[in-house]
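Below, each chain spelled out in residue letters.
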Amino acid sequence: MTPDKPCSKAIAKAKLESLLIEQPVDIILQIADNLGNASVLCLALTCKPLFVLLYSKARARLEPPEKETLLCCLEKDIPGVFYCHFCKKLMQFDQNGRPAASSPGLVLTRPSFSEWKKCVYPHTVSFARTTLALPYHHARLITNYGLFGSGHGFPPSYLSTESLELKRGHGYSGEVWRAKLIGDELFLSCIHTRFDQNADADGLQKFIKEEPFFICQHVSVGAPSWNRWLDLNLPPVNAKEVGDPDYHKFGSCGHCLTDWDASIEWSGAKYGWMVKITTYHNLGGCRSPFDQKWQAMAEPHYLRFQRDLVRGAVKGSWVSEQRFLPDRRRSEWLNYTGLSVSMQSSRPFFVFSPYR
């Protein structure tokens, strides 16, 4: 009986892989001498003969950076685990993205609460007075899903949330968060809405002032500018300019990859005036918590990151689902197919920064 095609491919692959084992030991050792220790260990883990020949020597010479390279390679090949940059270990994760107890087939360590606290809390993207709280390892699991497959993490929809909260008895605060993987980078977008059920313009203005929030680590809405480096100044809701149905303004942060659109709209007699701010955030590839894109998004006082994308490029990537390359013309606003006419003709919000 002639074997079917898949079986024939498997046999051919097995024969090809066995060619290395059939080589003289000196040839195998010479090949190993031209590889890094992490690569030698990966090779040693492919079969028992190579393990006996190569593992002990390469393991003894393994340096900390090479250990990280090795564990990242294993993370790619072993479903259900992720690499922790702080514990320097592979950890299993449960359905909520938390470290799980080790399975019989894997010798993995579950961190104590104090260890886990060190790993999570200082490395979380969380904007003040919003519902966003994204630990680094969750972001890594989502990018792992895109890079390595479904068994290695969670789809971007894992981060989708919606909330509507009544504050101070009359004002409503709403948030709708969504996430996308574009190329190998993680993007977030949120629609922030604020409205007053009394349909009163002055009441809404007071509500925004009493309930400020932040659209990134550096830009506040309704808060004094000294609380953060930038301040998105909304005009008075009852200003004459707001009566224009095309009222729409945009801006971007110079300290992280965040763009935003802002509008003030009349939503009918039931809800009155509504402030709507849509934000777009590029968190980078999430391959390291020490990557500048991640640190700029997670740490309010991290100012070493210099934005290298044209203003509007983060929104452009979100809408078109295509990444925009770095551009030195940072002072220009990106015009591309997909921007509404009112968006292109609007004036940008002016922001205050003591570091300009």
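The structure contained in this document is the topic of the report that follows. (Residues numbered from 1 in each chain as written. Predicted model: local features only at pLDDT ≥ 70, side-chain atom pairs only at ≥ 80, totals over all residues. Heavy atoms only, no water.)

1. Remarks on the overall build of the protein chain
- Helix and strand content of the protein chain: 11 helices and 13 strands.
- The proportion of buried residues among the 356 residues of the protein chain is 45%.
- Within the protein chain, contacts between residues separated by at least 24 positions form 54% of all contacts whose residues are at least 6 apart in sequence. (Helix = DSSP H or I, 4+ residues; strand = E, 2+ residues; numbered from the N terminus. Buried < 20%, exposed > 50% of the residue type's maximum accessible area, 1.4 Å probe, protein only. Contact = heavy atoms within 4.5 Å.)

2. Notes on a nonpolar patch on the surface
- On the surface, Val 25, Leu 29 and Leu 53 cluster together into a nonpolar patch covering about 200 Å² of accessible area.
- Structurally, Leu 53 can be placed in helix 4 (residues 48-60). (Patch = residues over 30% accessible without salt bridge, like charges linked within 9 Å, V, L, I, M, F, W, Y side chains within 5 Å. Areas by Shrake-Rupley, 256 points an atom, 1.4 Å probe, with all protein chains shown as cover. Salt bridge = Lys/Arg side-chain N within 4 Å of Asp/Glu carboxyl O.)

3. Remarks on the pairing of strand 7 (residues 185-196)
- Of all 12 residues making up strand 7, 11 are buried, and the element is well covered by its neighbours.
- Connecting strand 6 (residues 171-182) to the antiparallel partner strand 7 that follows it, the hairpin turn spans 2 residues, and Gly 183 within it adopts a positive phi of roughly 65 degrees.
- Relative to strand 13 (residues 273-282), strand 7 runs antiparallel, the two being bridged by 9 bridges. Looking across to strand 13, one finds that Leu 188 is bridged to His 281. (Pairing = 2+ DSSP bridges.)

4. Examining the nonpolar core
- Of all hydrophobic cores here, the largest spans 48 residues; its most connected members are Val 125, Leu 134, Leu 283 and Trp 294.
- Look past the residues within four positions of Val 125 in its chain and what remains in contact with it is Leu 132, Ala 133, Leu 134, Leu 283, Trp 294, Met 297 and Ala 298.
- If you look at the next biggest cluster of nonpolar residues, it comprises 12 residues, including Ala 32, Ala 38, Leu 50 and Ala 58. (Core = buried A, V, L, I, M, F, W, Y, C linked by side-chain atoms within 4.5 Å.)

5. Section: the pattern of salt bridges
- Applying the stated criterion across every chain yields a total of 9 salt bridges.
- Between Arg 129 and Glu 211 there is a salt bridge, with the nearest N and O atoms lying 3.5 Å from each other. With a gap of 82 residues between them, Arg 129 in the loop between strand 3 (124-125) and strand 4 (134-135) and Glu 211 in the loop between helix 8 (201-210) and strand 8 (213-214) connect regions that are remote in the sequence.
- The shortest N-O distance in the salt bridge between Lys 206 and Glu 210 comes to 3.9 Å. Taken together, the residues Lys 206 and Glu 210, both in helix 8 and 4 residues apart, mark about one turn of the helix.
- By relative accessible area, Glu 210 is classed as partly exposed at 29%.

6. Focus on the sheet that holds strand 12 (residues 258-266)
- If you walk across this open sheet you meet the 6 strands as 5-6-7-13-12-11, and the pairing is antiparallel. Edge positions in the sheet fall to strand 5 (161-167) and strand 11 (249-252), since each has one partner strand and no second. Strand-to-strand, the axes of this sheet are offset by a mean angle of 15 degrees, without reference to chain direction.
- Here strand 5 pairs with strand 6 via 7 bridges, running antiparallel. The residue of strand 6 that forms the bridge with Glu 165 is Ser 173.
- Docked against the sheet, helix 8 engages strand 5, strand 6, strand 7 and strand 13, running at close to 135 degrees with respect to strand 7. (Axes fitted to C-alpha atoms, helices over the stretch in contact; angles between N-to-C directions.)

7. Focus on the packing of helix 3 (residues 37-44) against helix 5 (residues 64-77)
- Two elements in contact, helix 3 and helix 5, have axes whose closest approach is 8 Å; the angle formed by their N-to-C orientations is 35 degrees. Seen along the crossing, helix 3 lies across helix 5 with a hand that is right-handed. Seen from helix 3, the contacting residues are Asn 37, Ala 38, Leu 41 and Cys 42; seen from helix 5, they are Glu 66, Thr 69, Leu 70 and Cys 73.
- Residues of the contact of helix 3 with helix 5, tallied by class, amount to 5 nonpolar, 2 polar and 1 charged. (Left-handed = near helix turned anticlockwise from the far one by under 90°. Nonpolar A, V, L, I, M, F, W, Y, C, P; charged D, E, K, R; others polar.)

8. So, the environment of Asp 184
- Within the secondary structure layout, Asp 184 lies in the loop between strand 6 and strand 7.
- For Asp 184, a relative accessible area of 39% puts it in the partly exposed group.
- For the pair formed by Asp 184 and Cys 286, sequence separation is 102 residues and the distance between their alpha carbons is 8.9 Å.
- What Asp 184 contacts, discounting residues up to four positions off in sequence, is Thr 143, Leu 147, Gly 284, Gly 285 and Arg 323.

9. Looking at the packing of helix 2 (residues 25-33) against helix 4
- Viewed as axis vectors pointing N to C, helix 2 and helix 4 meet at an angle of 55 degrees, and their least axial separation amounts to 11 Å. It follows from the interaxial angle that helix 2 and helix 4 lie oblique. Judged by the twist between their axes, the crossing of helix 2 over helix 4 is right-handed. Seen from helix 2, the contacting residues are Val 25, Ile 28, Leu 29 and Ala 32; seen from helix 4, they are Leu 50, Leu 53 and Leu 54.
- Of the residues contributing to the contact of helix 2 with helix 4, the split by class is 7 nonpolar, no polar and no charged. (Parallel < 35°, antiparallel > 145°, perpendicular 65-115°, else oblique.)

10. Some thoughts on the pairing of strand 13
- The element strand 13 is largely enclosed, with a buried count of 9 among its 10 residues.
- Relative to strand 13, strand 12 runs antiparallel, the two being bridged by 9 bridges. Residue pairing for strand 13: Trp 266 is matched across the bridge by Trp 273.
- The hairpin formed by strand 12 and strand 13 contains 6 residues between the paired strands, and Gly 268 there has a positive phi angle of roughly 100 degrees.

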